[in-house]
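Summary of the model geometry
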Amino acid sequence: MIRVFADLERLSQAAAELIAGRAQLAIEQRGRFCMALSGGSTPRSTYQQLAQPLLRDRVPWSRVHLFWGDERCVAENDPRSNLGMARKALLDQVPLTPEQIHPMACANDPWTAAAAYQRLLEEFFSPGEIRFDLVLLGLGEDGHTASLLPNTPAPQENRRLVTAVQTSREDFARLTLTIPAINLARLVVFLVSGQRKAEILHQVLRGPQGQYPAQLVAPGKGEILWLVDSDAAGQ
Ligand code: 6PG
């Protein structure tokens, strides 16, 4: 399902409303709401909208647990930090205890950190399977999503649920949920905005399959929703 919005602000309002509604539903049905946050810049305004009193007061925050779909291994106060962005845009504005916030900590060796996050997920979701109620994702211009970067082993990782990513193009490592972890989700929501994403969005949705990591996202027992603005939907 693809929904097109006039601009990023309207896209973000719809995304925030969707998150609040899904949180209420999950908490009614299963007693808690587990969401994996996306990084990058697109989701910032969604997080800010969710933190506005109207929506914020609809969410039973004491039953919410936040995780990350990926993280850059930089300090939290580094502008590239996904945790840092979410902290400013959302976490500092809503009543969550530290026990409800599960960042991908990767200050030391990224491979050790990836294994530690997988253990965190296994313990948190035990005895059930690691199934997020909602996984938020973005789309990179190269077709990556989360930190499943093309031309790295990460998109094809099909055993681990969390893996590390290191490329010569960046001076920092990344941690990311893998396709198996993402595809267990009840709902995956892609947020895509801006004219510079028009070509890749068209290729991902209408081009030959199997070309880009984002095309591997297909939640077997869940739904997938694309929330895009008209610039990104230009093609
Ligand atoms: C990351 C993000 C990444 C992001 C896309 C789009 O940590 O790099 O999770 O997958 O969603 O690169 O980024 P923008 O929203 O900044 O365009």
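A few points on the structure.

Each value, and the rule that gives it
- Residues numbered from 1 in each chain as written.
- Predicted model: local features only at pLDDT ≥ 70, side-chain atom pairs only at ≥ 80, totals over all residues.
- Heavy atoms only, no water.
- 1 Å grid on protein atoms, 1.4 Å probe; cavity = no way out; pocket = protein on both sides within 12 Å on 5 of 7 lines; lining within 4 Å.
- Points joined across faces, edges and corners; volume = space filled by probe spheres on them.
- Helix = DSSP H or I, 4+ residues; strand = E, 2+ residues; numbered from the N terminus.
- Nonpolar A, V, L, I, M, F, W, Y, C, P; charged D, E, K, R; others polar.
- Expected span 1.5 Å × (residues − 1).
- Polar contact = N/O pair within 3.5 Å; in protein donor to acceptor, adjacent residues only side chain to side chain.
- Buried < 20%, exposed > 50% of the residue type's maximum accessible area, 1.4 Å probe, protein only.
- Near = heavy atom within 4 Å.
- Areas by Shrake-Rupley, 256 points an atom, 1.4 Å probe, with all protein chains shown as cover.
- Pairing = 2+ DSSP bridges.
- Disulfide = S-S within 2.5 Å.
- Salt bridge = Lys/Arg side-chain N within 4 Å of Asp/Glu carboxyl O.

A look at empty space enclosed by the protein
Under the defined criterion, the tally for this structure stands at one cavity of 30 Å³ or more. Taken as a whole, the largest cavity encloses approximately 40 Å³ of empty space. Lining the largest cavity are I19, A23, F33, M35, L50, V59, W61 and V64. Counting residues per element, the ones that place at least two in the lining of the largest cavity are α1 (8–30) and β2 (33–37). For the lining of the largest cavity, a count of residues per class yields eight nonpolar, no polar and no charged.

Regarding α1
Helix length check: α1, at 23 residues, gives a terminal C-alpha distance of 32 Å against a target of 33 Å (1.5 Å per residue), a fit within 8%. The backbone nitrogen of E9 has a side-chain oxygen 3.2 Å away, supplied by the residue at the start of α1, namely D7. A positive phi of about 85° marks G31, the residue just after α1.

Here's the deal with the side chain of T145
Structurally, T145 can be placed in the loop between β5 (134–137) and β6 (162–165). T145 sits in the buried class, given a relative accessible area of 1%.

What about the pairing of strand β3 (residues 64–68)?
The element β3 is largely enclosed, with a buried count of five among its five residues. Here β3 shows a buried face lined by V64, L66 and W68 and a second buried face lined by H65 and F67.

What to know about the site of the ligand
As a structural note, the neighbourhood of the ligand is formed by 17 residues, with T42, D70, R72, A146 and K197 the closest of them. In this structure, an oxygen atom belonging to the ligand sits 2.8 Å away from a side-chain N or O atom of H144. With respect to the ligand, the side chain of R196 contributes an N or O atom lying 3.4 Å from an oxygen atom. Protein chains bury 91% of the 420 Å² of accessible surface belonging to the ligand in isolation.

Considerations on the pairing of β2
In terms of burial, β2 is largely enclosed, as five of its five residues are buried. Residues F33, M35 and L37 point to one face of β2 and C34 and A36 to the other, with burial holding for every one of them. Pairing of β2 with β5 involves two bridges; the strand directions are parallel. If you follow A36 over to β5, its bridge partner there is V135.

Side note on the layout of surface pockets
Rolled over the atoms, a probe sized like a water molecule indicates the empty space that remains. A volume near 410 Å³ is recorded for the largest pocket. Lining the largest pocket are 25 residues, with G40, R72, L139, G140 and H144 positioned closest to its centre. Counted by class, the lining of the largest pocket contains five nonpolar, 11 polar and nine charged residues. The computed volume of the second largest pocket comes to approximately 150 Å³. Along the wall of the second largest pocket there are 13 residues; nearest its centre are V74, M104, A105, C106 and A107. Each residue belonging to the lining of the second largest pocket can be placed in one class, and the counts come to nine nonpolar, one polar and three charged.

Quick word on the state of the cysteines
Chemically, a disulfide is nothing more than a covalent bond linking the sulfur atoms of two cysteines. Under the defined criterion, the tally for this structure stands at one disulfide. A disulfide bridge connects C73 with C106, and the sulfur atoms are separated by 2.2 Å. On the sign convention where negative means left-handed, the S-S torsion of about -115° between C73 and C106 marks this disulfide as left-handed. Remark: C106 occurs in the loop between α4 (82–89) and α5 (110–125) and C73 occurs in the loop between β4 (70–72) and α4; sequence separation between them is 33 residues.

Structural notes on the pattern of salt bridges
The tally for this structure, following the rule as stated, stands at 13 salt bridges. Here R56 ties to D57 by a salt bridge, and the two come within 3.2 Å at their closest N and O atoms. Classification of D57 by relative accessible area gives exposed; the value is 57%. In this structure, the salt-bridge partner of D78 is R80, at a minimum N-O distance of 2.8 Å. Residue R80 is classed as partly exposed on the basis of its relative accessible area, which comes to 32%. Several salt bridges share partner residues, and in doing so they unite R30, D133 and R186 into one network.

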